[in-house]
Amino acid sequence: MIPFEYRTPKNLKEVHATLKEFGADAKLISGGTALVIMMKQRLVRPSCLVSLGSVRGLNGIELKNGGISIGGLATHRSVEGSSLVRRRLPMLAETYHHVATLRIRNVATVGGGLAHADPNQDHPPSLIALGATVKVTSANGSRVVPLDEFFKGYYETILNPDEIITEVMVPKLATNTGAAYIKFLPRTADDYATVSAAAVLTLDKTNKTIADVRIALGSVGETPIRATAAEALLRGQPLKAEAFAEAGEKAKEAVDPVSDFRGSAAYKKDMAGVFVRRALEKALADIRQQAKAKSAPKPAKKKVAKKKGKRK
Ligand SMILES: Cc1cc2nc3c(=O)[nH]c(=O)nc-3n(C[C@H](O)[C@H](O)[C@H](O)COP(=O)(O)OP(=O)(O)OC[C@H]3O[C@@H](n4cnc5c(N)ncnc54)[C@H](O)[C@@H]3O)c2cc1C
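Residues numbered from 1 in each chain as written. Predicted model: local features only at pLDDT ≥ 70, side-chain atom pairs only at ≥ 80, totals over all residues. Heavy atoms only, no water.

Participant: I tried to follow the site of the ligand on my own but got confused; where do I start?
Facilitator: If you check the shell around the ligand, you find 31 residues, and the closest are Leu28, Ser30, Thr33, Thr109 and Asp122. For the ligand, an oxygen atom lies 3.2 Å from a polar atom in the side chain of Lys27. Between a nitrogen atom of the ligand and a side-chain N or O atom of Tyr192, the distance comes to 2.9 Å. When the free accessible area of the ligand is taken as 970 Å², the share hidden by the protein chains comes to 90%. A molecule is said to occupy a pocket when more than half its atoms come within 2 Å of that pocket's grid points, and by this definition the ligand occupies the largest pocket. Looking at the shell around the ligand, the elements with two or more residues in it are strand 2 (26-29), helix 2 (35-40), helix 7 (110-116) and strand 10 (164-170). The element contributing the most residues to the shell around the ligand is helix 7, with four residues. In terms of residue class, the shell around the ligand is made up of 15 nonpolar, 11 polar and five charged. (Near = heavy atom within 4 Å. Polar contact = N/O pair within 3.5 Å; in protein donor to acceptor, adjacent residues only side chain to side chain. Areas by Shrake-Rupley, 256 points an atom, 1.4 Å probe, with all protein chains shown as cover. 1 Å grid on protein atoms, 1.4 Å probe; cavity = no way out; pocket = protein on both sides within 12 Å on 5 of 7 lines; lining within 4 Å. Sits in = over half its atoms within 2 Å of the grid points. Helix = DSSP H or I, 4+ residues; strand = E, 2+ residues; numbered from the N terminus. Nonpolar A, V, L, I, M, F, W, Y, C, P; charged D, E, K, R; others polar.)

Participant: Would you mind going over the pairing of strand 7 (residues 141-146) with me for this structure?
Facilitator: The two faces of a sheet get side chains in turn, since along a regular strand they alternate between them. Here strand 6 (residues 133-138) runs beside strand 7; their pairing, made up of six bridges, is antiparallel. Residue pairing across strands places Ser138 opposite Gly141, the latter belonging to strand 7. Once strand 6 ends, the chain turns through two residues before running back antiparallel as strand 7. (Pairing = 2+ DSSP bridges.)

Participant: Even after reading the chapter, I still don't get the pattern of salt bridges, so can you show me in this structure?
Facilitator: Between side chains of opposite charge, a pair can form as their charged atoms come close. Scanning the model with the defined rule gives 19 salt bridges in all. A salt bridge links Asp260 to Lys268, with the nearest nitrogen and oxygen atoms 3.0 Å apart. You can call Asp260 partly exposed: its relative accessible area is 31%. According to the relative accessible area criterion, Lys268 is buried, its value standing at 3%. In this structure, a network of salt bridges that share partners links the residues Asp148, Asp212, Arg214, Arg226, Glu231 and Arg235. (Salt bridge = Lys/Arg side-chain N within 4 Å of Asp/Glu carboxyl O. Buried < 20%, exposed > 50% of the residue type's maximum accessible area, 1.4 Å probe, protein only.)

Participant: Looking at this structure, I do not really get the layout of surface pockets. What am I missing?
Facilitator: The rolling of a water-molecule-sized probe over the atoms marks out the regions of remaining empty space. Empty space within the largest pocket amounts to approximately 1200 Å³. What lines the largest pocket is a set of 49 residues, and nearest its centre among them are Ala34, Leu35, Gly112, Ala115 and His116. Elements with a contribution of two residues or more to the lining of the largest pocket: strand 2, helix 2, helix 7, strand 9 (156-157) and strand 10. Sorting elements by how many residues they give to the lining of the largest pocket places helix 7 first, with five residues. Per-class residue counts for the lining of the largest pocket are 24 nonpolar, 17 polar and eight charged. (Points joined across faces, edges and corners; volume = space filled by probe spheres on them.)

Participant: What am I meant to see in helix 11 (residues 265-295) here?
Facilitator: Note: α-helices contain 3.6 residues per turn, so residues at a spacing of three or four share the same orientation. Taking 1.5 Å per residue, 31 residues should reach 45 Å; helix 11 reaches 45 Å between its end C-alpha atoms and fits that length. Taken together, the buried positions of helix 11 are occupied by Lys268, Met271, Ala272, Gly273, Phe275, Val276, Ala279, Leu280, Ala283, Leu284 and Ile287. At its buried positions, helix 11 is contacted by strand 11 (177-184), strand 12 (195-203), strand 13 (210-218), helix 9 (228-234) and helix 10 (243-252). (Expected span 1.5 Å × (residues − 1). Contact = heavy atoms within 4.5 Å.)

Participant: Sorry if this is basic, but what is going on with the packing of aromatic side chains here?
Facilitator: In this description, a pair of aromatic rings is defined by centroid distance and the angle of the planes. Scanning all chains against the criterion turns up three aromatic pairs. Put simply, the rings of Phe184, Tyr267 and Phe275 pair up and form one aromatic cluster. (Phe/Tyr/Trp six-rings, centres within 6.5 Å; stacked < 30°, edge-to-face > 60°.)

Participant: Where do I start with the pairing of strand 4 (residues 61-64) in this structure?
Facilitator: Both strand 4 and strand 5 (residues 67-71) contribute to a ladder of four bridges, which runs antiparallel. Bridging across to strand 5, Leu63 finds its partner in Ile68. Counting the residues between successive antiparallel strands, the hairpin from strand 4 to strand 5 contains two residues, one of them, Asn65, with a positive phi of roughly 50 degrees.

Participant: When you look at the nonpolar core in this model, what are you seeing that I'm missing?
Facilitator: Across soluble globular proteins, nonpolar side chains have a tendency to be buried as a group. In terms of nonpolar packing, the biggest core is built from 36 residues, with Ile70, Leu92, Leu114, Leu127 and Phe150 touching the most fellow members. Looking at this core, the element that brings in the most residues is helix 5 (residues 90-97), giving four residues. With residues up to four places along the chain from it excluded, the contact list for Leu92 reads Ile70, Val79, Val85, Ser126, Leu127, Leu130 and Val170. Judged by nonpolar contacts, the second largest core, of 31 residues, contains Leu201, Val220, Ala227 and Met271. (Core = buried A, V, L, I, M, F, W, Y, C linked by side-chain atoms within 4.5 Å.)

Participant: What's the story with the sheet that holds strand 7 in this structure? I'm lost.
Facilitator: Across a sheet, paired strands are connected by hydrogen bonds in the backbone, their directions being either parallel or antiparallel. Strand order in this open sheet of five strands is 4-5-10-6-7, and the pairing throughout is antiparallel. The open sheet has two free edges, formed respectively by strand 4 and strand 7, since each of these has just one partner strand. Geometrically, the sheet is characterised by an average inter-axis angle of 25 degrees between neighbouring strands, direction not taken into account. The sheet strands contacting helix 1 (residues 12-22) are strand 6 and strand 10, and the helix crosses strand 10 at an angle near 130 degrees. (Axes fitted to C-alpha atoms, helices over the stretch in contact; angles between N-to-C directions.)

Participant: How should the packing of helix 10 against helix 11 be read in this particular structure?
Facilitator: When two helices pack together, their arrangement is given by the angle between the helix axes and by the axis-to-axis distance. At a closest axis distance of 8 Å, the pairing of helix 10 and helix 11 adopts a crossing angle of 140 degrees. Considering their axes alone, helix 10 and helix 11 lie oblique with respect to each other. Note on packing geometry: the crossing formed by helix 10 with helix 11 is right-handed. Note on element contacts: helix 11 touches helix 10 through Lys269, Asp270, Gly273, Val276, Arg277, Leu280, Glu281 and Leu284, opposite Phe244, Ala245, Ala247, Gly248, Ala251 and Lys252. Of the residues assigned to the contact of helix 10 with helix 11, the class counts are seven nonpolar, two polar and five charged. (Parallel < 35°, antiparallel > 145°, perpendicular 65-115°, else oblique. Left-handed = near helix turned anticlockwise from the far one by under 90°.)

Geometry only, nothing functional implied.
Right, here's the structure in full:
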């Protein structure tokens, strides 16, 4: 490895100051799962590593304005295991569960994962479909960016070298909404996806019309891809058996995969169509499952027989 300085700022102010001091030569390090590999391969050669490990208060997961706020330093494992996320957004917990292995998820962070910007990652499609935004801060202030505008190319984002992701905000889902993430994994369970798709579907009150939908795909282009034309095809339309397959066909027009050891470009394009259809079907099943759970009779409270006599 090439020698570098290692700084351990204790708060955001110190992080901002260090990033300002070293400029584009500095690199933030959170879990280090992606960055260390890139340094070993000499793909990046920072003169200073700015560790976020000692910065407190950026790993919370909490309810905010009805949605869920996730700190930039929350680990994948903590999102996966959060009772709040599992209750409110089970699809997001499931998505993080799909990332790599437990050892990686225990240290990899939400902010580091997004800044890494590998188009094969699992969480970006789900977060884009959920309408998430990221908050980034620097010595000059902060800004909030919709995640579907965050990725620019392979390992490239809109982040400036002096900016840090401090929060990911997932808005409250509308009533009658279902969500699904599916990942095609023909090799091993901890591999990157060959193709992945996320769908968030909202039906109107009659349950017969699609009120809203968001669809995003992974591993089929230079960035995660939001399938806006496929969404437009469905939005406001009656829920018909063939509608999801048509949306899948439309989504294929938005993708531009490359051939690699996980599959040929043509195969991935076809799978993108299939996976969009299946993700939509799964999101619909999620809505129906939630409705079923709501209408199910609540279990009667057990009557506890009072014992006679005094308690000892
Ligand atoms: C063996 C292996 C298997 C993997 N499999 C999968 C998989 O199946 N699915 C999947 O989705 N991902 C997979 N990954 C990638 C994994 O998601 C990333 O390695 C991880 O999310 C990066 O998080 P980190 O905290 O370790 O980031 P780091 O390695 O610390 O940093 C990554 C990048 O983000 C920058 N950065 C770090 N924190 C911040 C911040 N708060 N703000 C701004 N920039 C920041 C760093 O400067 C660096 O450029 C795998 C990785 C490995 C090593």
